[in-house]
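# Topology and contacts: notes
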Amino acid sequence: MKPTVLLGSAQIPDTKTELKLYTHDGEFSIKIPGRGELMNTRVHGSEKALADLACERMGATKQPRVLVGGLGMGFTLAAALAAAGPDAEVVVAELVPEVVTWNRELMGAASGHPLTDPRANVYVGDVADLIRAESGAFDAILLDVDNGPEAMIRRENDWLYTIPGLEAARRALRPQGVLAVWSAGPDQMFKARMKHAGFKVEEQIVRPHRKGKGARHYIWLGSQSERKPRG
Ligand SMILES: C[S@@+](CC[C@H](N)C(=O)[O-])C[C@H]1O[C@@H](n2cnc3c(N)ncnc32)[C@H](O)[C@@H]1O
């Protein structure tokens, strides 16, 4: 039997939680001890769909700017780069510095080394910092920083999914911009909060396995609603 090998450990900032990177039979997996697997290189259909669905819906611009939070194993970033065109800029925010290093040095081949693409810019830090700081800056914001609106890995991530966090995301978008949020499960309350923050909301259910079996992941796509002026 092929062994499972621990390649690295990293502390998630502001928490006592650790991420551990393992490899087994050519695949990689990041786990949180006691809580299970956060992601792996085997199954990533819904991470790709997050970028594909958002980029299909963002307004036509020659030089789109896309914000991805977080990097994880790079599948959403790679799909955003593939979908956003040759003149795009894709900013990826990743809170855990070691995750960036693991992508660069250990597991980047799994997603096609998106960090080496000159259109990709990495911000090592909290995606919330960029959302708070920017105004009318992005054609799409893609959020996959946690398990979904019920933050599992870091309590501070809750803010991103609150009405003030969603309003800040709306301000950070350009007028035809799209907010796309990934979740491991359904959440009617979150959909309602998106609407309250001024988004017109579309829900997509994505089967991450190629054969369409197993888990269902949820992606909410928020476009600018006519109803509420941008704050
Ligand atoms: C589920 S993974 C993302 C998977 C990614 N979509 C992919 O294609 O592999 C979540 C990532 O977000 C990072 N993260 C968590 N909170 C964050 C935050 N507030 N800002 C930026 N990155 C964050 C985690 O360290 C982790 O790498």
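Report on the accompanying structure. Nothing here was measured: the structure is a model prediction, and the numbers come from that model.

## Here's the deal with helix H5 (residues 163–172)
- Every buried residue of H5 is listed here: Gly165, Leu166, Ala168, Ala169, Arg170 and Ala172.
- In the core, the buried residues of H5 are packed alongside helix H4 (127–133), strand E8 (138–143), strand E9 (173–183), helix H6 (188–196), strand E10 (199–206) and strand E11 (217–224).

## What about the packing of aromatic side chains?
- Under the criterion given, the structure shown has three aromatic pairs.
- Centre to centre, the rings of tyrosine 161 and phenylalanine 190 are 5.7 Å apart; their planes meet at 70 degrees, and the pair counts as edge-to-face. Of this pair, tyrosine 161 sits in the loop between E8 and H5 while phenylalanine 190 sits in helix H6; the two residues are 29 residues apart in sequence, bridging distant segments of the chain.
- Assessed through its relative accessible area of 1%, tyrosine 161 is described here as buried.
- We classify phenylalanine 190 as buried; its relative accessible area is 0%.
- Three or more aromatic residues joined by ring pairs form one cluster here, namely Tyr161, Phe190, Tyr218 and Trp220.
- Over the ring of tyrosine 22 we find lysine 31; its NZ or CZ atom is 5.4 Å from the centre of that ring.
- Above the face of the tryptophan 159 ring, arginine 132 is positioned so that its terminal group lies 4.0 Å from the ring centre.

## So, a nonpolar patch on the surface
- Taken together, the side chains of Val5, Leu7 and Leu106 define a hydrophobic patch exposed on the protein surface, amounting to about 210 Å² of accessible area.
- By secondary structure assignment, the location of leucine 7 is in strand E1 (residues 4–11).
- Classification of leucine 7 as partly exposed rests on a relative accessible area of 35%.

## Details of the pairing of strand E6 (residues 89–94)
- Of all six residues in E6, five are buried; the element is thus mostly enclosed.
- Pairing between strand E5 (residues 65–69) and E6: five bridges, direction parallel. For valine 66, the partnering residue across the bridge sits in E6 and is valine 90.
- Following the backbone out of E5, through helix H2 (residues 75–84) and into the adjacent parallel E6, one traces a crossover that is right-handed.
- In this sheet, strand E7 (residues 120–124) lies alongside E6 in parallel orientation, the contact comprising five bridges. When the bridges of E7 are listed, glutamate 94 appears paired with valine 124.

## Comments concerning the environment of valine 201
- Relative to the assigned elements, valine 201 resides in strand E10.
- When the C-alpha positions of valine 201 and lysine 191 are compared, they lie 7.0 Å apart, and in sequence the two are 10 residues distant.
- Every residue in contact with valine 201, bar those within four places of it in the chain, is listed here: Lys191, Met194, Lys195, Trp220 and Leu221.

## Structural notes on helix H3 (residues 97–107)
- Of all the positions in H3, only Val99, Val100, Trp102, Asn103 and Met107 are classed as buried. Down the axis of H3, the buried set is contained in an arc of 160 degrees. They therefore lie on one face. Projecting away from the buried face of H3 at angles above 90 degrees are the exposed residues Arg104 and Glu105.
- Each element contacted by the buried residues of H3 is listed here: E1, strand E2 (18–24), strand E3 (27–32), E6 and E7.

## Observations regarding the site of the ligand
- Near the ligand lie 22 residues; those nearest to it are Met73, Thr76, Glu94, Asp144 and Asn157.
- Within the side chain of aspartate 126, a nitrogen or oxygen atom sits 2.9 Å from a nitrogen atom of the ligand.
- Taking aspartate 144, its side chain carries an N or O atom lying 2.7 Å from a nitrogen atom of the ligand.
- Computed on the free molecule, the ligand has an accessible area of 610 Å², of which 99% lies beneath the protein chains in the complex.
- Counting atoms within 2 Å of the grid points, the majority share of the ligand lands in the largest pocket.
- Elements supplying a minimum of two residues to the shell around the ligand: H2 and E6.

Scoring rules and cut-offs
- Residues numbered from 1 in each chain as written.
- Predicted model: local features only at pLDDT ≥ 70, side-chain atom pairs only at ≥ 80, totals over all residues.
- Heavy atoms only, no water.
- Buried < 20%, exposed > 50% of the residue type's maximum accessible area, 1.4 Å probe, protein only.
- Helix = DSSP H or I, 4+ residues; strand = E, 2+ residues; numbered from the N terminus.
- Contact = heavy atoms within 4.5 Å.
- Phe/Tyr/Trp six-rings, centres within 6.5 Å; stacked < 30°, edge-to-face > 60°.
- Lys NZ or Arg CZ within 6 Å of the ring centre and 35° of its normal.
- Patch = residues over 30% accessible without salt bridge, like charges linked within 9 Å, V, L, I, M, F, W, Y side chains within 5 Å.
- Areas by Shrake-Rupley, 256 points an atom, 1.4 Å probe, with all protein chains shown as cover.
- Salt bridge = Lys/Arg side-chain N within 4 Å of Asp/Glu carboxyl O.
- Pairing = 2+ DSSP bridges.
- Right-handed = clockwise from strand over helix to strand, strands pointing away.
- Arc of directions from axis to C-beta.
- Near = heavy atom within 4 Å.
- Polar contact = N/O pair within 3.5 Å; in protein donor to acceptor, adjacent residues only side chain to side chain.
- 1 Å grid on protein atoms, 1.4 Å probe; cavity = no way out; pocket = protein on both sides within 12 Å on 5 of 7 lines; lining within 4 Å.
- Sits in = over half its atoms within 2 Å of the grid points.

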